[in-house]
Amino acid sequence: MKPARTTHTAMLLLGVVLATFAGMSSAATASKTQTDRHSVATRPDISGTWERTPDDWFGENPDDPVHPGGPMDLKASYAAEYAELKKKEAVANAAGTPIATTSSRCLPEGMPTMMAALFPIQIIRDDKQVIILGEYLQQVRRILLNQAMPPTDELDPKYQGHSRGHWEGDTLVVETQRVRTDVRFYDVPHGPAMKITERIRLRGPDHLENQVLIEDPQVLNTPYRFTFEYKRSNYAIQEYVCENNQIVIDSEGKASLSLE
Amino acid sequence: MTALLPFRLFRQGLCLLTLITCSALPPVASAHHSFALFDQTQTTTIKGVVERFAWTNPHITIYVDVPGPPSQRFKIETGSVNALQRTGWTANSIKAGETAEVSFKPLKNGEPGGLLVEIKIGDVVLSGGG
């Protein structure tokens, strides 16, 4: 009987082990479903059209917009350059010949300015990517999901940079690198190693939040942080072709209205 | 970001004057160039005939011929197609050949042009902005 009992005990043990494995397998399946990075249905629905909120986000003076995170902690040489530019702009504005910007030439705003949503933005997403369309200048931004950021030296500079994202719970975390160095954010330049990290999440069904962190060892003493907030909109985004048919830019980069 | 022109308060002020709907002005902004081109402390009014209505981005432009002497063609700029169509403007809001009274913030350099405050064509008043 002992051998029989032993066999019986062994069978019981085997059964327990098998049952345990089966349970673990089932639990693993359930867990995988809940955390599947490739299932768009399991994530908060950030898709739709969004406009900045509150309405007075821009401030009162169009020629001196409010910086979203307060003054930037610029390294000394960049702080001096910025102060000099502001003086130059003030003189040019007073003379009625403001200094032309990239937008005077109908060039894209680039990152992170595009996310300021001067005009509405639309978010479209699937399992592999999140696409952001900006009405202003018909800008497009592609965030590839669950892919490693390639080495920086393999990335060409772009207006919107290169973005990679992944979900952390209810938050879409996006890293952006290699934004063209001629792109400006509130007139502030950046270095080739600037890294933008965004944490995008719904604060309510119709309220989207984007916490932005800019790290730039060349230009900033300390990382620059701010939050863009958006409200859901039923506006249908329209075509926006910039024809640049009204501005003449002289050799000093100053703009005047073409009378043609 | 220096070339952003939300001008919201200005637009809301103008909406009190307009006959088209302005109750739901969206929080949109214009862009492209600085308002510093224009003398915001002055308002000029002209009467003339619309020579051309350019329904274009980044700015809508209205060319108005004013009889002399000397006769002059004014170039009056306003906001973007995208912003103004949200306030009721359409590509047919203004037509060449229509007689119009136009008030605007003049160019600082004295040339015949400026930033639209409002345009009256018959009983219709359209406000600039956006």
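All values derive from a computational prediction rather than experimental measurement.

Reading the values: the criteria
- Throughout, a residue's number is its position along its own chain's written sequence, starting from 1.
- Labels are handed out in written order, letters beginning with A for the chains and numbers beginning with 1 for the ligands.
- pLDDT decides what is reported in this predicted model: residues at 70 or higher carry local features, side-chain atom pairs at 80 or more are listed and counted, and totals for whole chains, interfaces and linings draw on all residues regardless.
- In computing side-chain values, all of the structure's heavy atoms are included and hydrogens and water are not.
- Three exposure classes are used, based on accessible area relative to the maximum for each residue type with a 1.4 Å probe and protein chains only: buried under 20%, partly exposed in between, and exposed over 50%.
- By the criteria applied, helices consist of DSSP H or I runs no shorter than four residues and strands consist of E runs no shorter than two, each listed in order from the N terminus.
- Strands were regarded as paired on the criterion that DSSP finds at least two bridges between them.
- Within 6.5 Å between ring centres, the rings of Phe, Tyr and Trp (the latter by its six-membered ring) count as paired, and their orientation is classed by plane angle as stacked under 30 degrees, edge-to-face over 60, tilted in between.
- The rule for a charge over a ring is simple: NZ of Lys or CZ of Arg within 6 Å of the ring centre, and within 35 degrees of the ring normal.
- Identification of polar contacts relies on pairs of N or O atoms within 3.5 Å, with a donor-acceptor requirement for protein atoms, meaning one able to donate a hydrogen and the other able to accept it, and with residues adjacent in sequence counted only if both atoms are side-chain atoms.
- Should any heavy atoms of two residues lie within 4.5 Å, those residues are considered in contact.

Draft legend 1. Looking closely at the pairing of strand β2 (residues 61-66) of chain B. All names here are of chain B. Where burial is concerned, most of β2 is hidden: five out of the six residues are buried. When strand β1 (residues 44-54) meets β2, the two strands line up antiparallel, connected through five bridges. When the bridges of β2 are listed, F53 appears paired with I62. Counted along the chain from β1 to the antiparallel partner β2, the turn is six residues long. Judged from the six bridges that link them, β2 and strand β3 (residues 72-77) form a sheet pairing that is antiparallel. For V64, the partnering residue across the bridge sits in β3 and is F74.

Draft legend 2. Layout of the packing of aromatic side chains. A complete count under the given rule lists ten aromatic pairs over all chains for this structure. Between A:F185 and A:F226 the ring centres are 5.5 Å apart and the planes differ by 25°, which places this aromatic pair in the stacked class. Here the residue A:F185 occupies a position in the loop between β6 (171-177) and β7 (195-204), and A:F226 occupies one in strand β9 (residues 224-233), the gap between them amounting to 41 residues. The interplanar angle of 50° and the centroid separation of 6.0 Å between the aromatic rings of B:F53 and B:W55 together place this pair among those described as tilted. The exposure class assigned to B:F53 is buried, which follows from its relative accessible area of 13%. With a relative accessible area of 25%, B:W55 lands in the partly exposed category. Taken together, the aromatic side chains of A:F185, A:Y186, A:Y224, A:F226 and A:F228 make up a single cluster linked through ring pairs. Positioned above the aromatic ring of A:W57, the side-chain terminus of A:R52 is 4.2 Å from the ring centre. One Lys or Arg, B:R52, reaches over the ring of B:Y63 and ends 4.0 Å from the middle of that ring.

Draft legend 3. Here's a closer look at the side chain of A:S233. With respect to the helices and strands, the residue A:S233 is situated in strand β9. Exposure remark for A:S233: the relative accessible area of 15% places this residue in the buried category. Within polar-contact distance, the side chain of A:S233 engages the side chain of A:E51 at 2.7 Å. Those residues in contact with A:S233, other than ones at most four positions away along the chain, are A:T49, A:E51 and B:R86.

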